[in-house]
Amino acid sequence: MVSYLNLAAKEARRSHCRFRVGAVLAKGGRVLLSGRNKFRNSSTLDYRIGTFHAEEVLLRRVRPPDRSIMYVARVNVQGDLVMSRPCDRCMEGLLKSGVARVVYTINNDRFGVLDLSTP
Ligand SMILES: [Zn+2]
């Protein structure tokens, strides 16, 4: 579990956004896709939706298989892991997808888990 968060953190470090977030979609011990948040190609958008969040980037590229797990990590300027709990907009997309669980960083030592599969 931690190694996937490390991979997500590696993706986050490659982000050019102010808030650097990376995500990994995995199932059954395999990485299906990884990515990071990115700017939308438009200057007319509201700043709050001015980026594609890492979770959205992945959900736009693949339809997650059932019981897959999304790992989300955010790094600050010091390179430390910080809170990356998915926002409401991403949660909406995740709930509609086949993702069963989201694992997100809280800080360098802790992570949180959201179980989406319970009806
Ligand atoms: Zn989001």
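This text gives an overview of the structure that appears in the document. (Residues numbered from 1 in each chain as written. Predicted model: local features only at pLDDT ≥ 70, side-chain atom pairs only at ≥ 80, totals over all residues. Heavy atoms only, no water.)

### Considerations on the coordination of the zinc ion
The protein atoms donating to the zinc ion are His53 (ND1), Cys87 (SG) and Cys90 (SG), with metal-donor distances spanning 1.9 to 2.3 Å. We note that the donor set of the zinc ion lies within a single chain, spaced as H-x33-C-x2-C. Taken as a pair, His53 in the loop between β4 (51-52) and α2 (54-61) and Cys87 in the loop between β6 (81-82) and α3 (88-96) lie far apart in primary sequence, 34 residues in all. (Donors = N, O, S within 2.8 Å, 3.2 Å for Na, K, Ca; no water. Helix = DSSP H or I, 4+ residues; strand = E, 2+ residues; numbered from the N terminus.)

### Quick notes on the pattern of salt bridges
For the structure on display, the rule yields three salt bridges. For Arg36, the salt bridge goes to Glu11, with nearest N and O atoms at 2.9 Å. Of this pair, Arg36 sits in strand β2 (residues 30-36) while Glu11 sits in helix α1 (residues 2-13), and the two are 25 residues apart along the sequence. The exposure class assigned to Arg36 is partly exposed, which follows from its relative accessible area of 24%. Given a relative accessible area of 7%, Glu11 falls into the buried group. Two residues, Glu56 and Arg89, come together in a salt bridge whose shortest N-O distance is 2.7 Å. Remark: Arg89 occurs in helix α3 and Glu56 occurs in helix α2; sequence separation between them is 33 residues. Owing to a relative accessible area of 15%, Glu56 belongs among the buried residues under this scheme. A network of salt bridges, in which partner residues are shared, links Glu11, Arg14 and Arg36. (Salt bridge = Lys/Arg side-chain N within 4 Å of Asp/Glu carboxyl O. Buried < 20%, exposed > 50% of the residue type's maximum accessible area, 1.4 Å probe, protein only.)

### Quick look at the packing of aromatic side chains
By the definition in use, this model includes one aromatic pair. Ring geometry for Tyr4 versus Tyr71: centroids 4.8 Å apart, planes at 35 degrees, classification tilted. Of this pair, Tyr4 sits in helix α1 while Tyr71 sits in strand β5 (residues 68-75), and the two are 67 residues apart along the sequence. Given the relative accessible area of 15%, Tyr4 is considered buried. On the basis of relative accessibility, which here comes to 4%, the residue Tyr71 falls in the buried class. (Phe/Tyr/Trp six-rings, centres within 6.5 Å; stacked < 30°, edge-to-face > 60°.)

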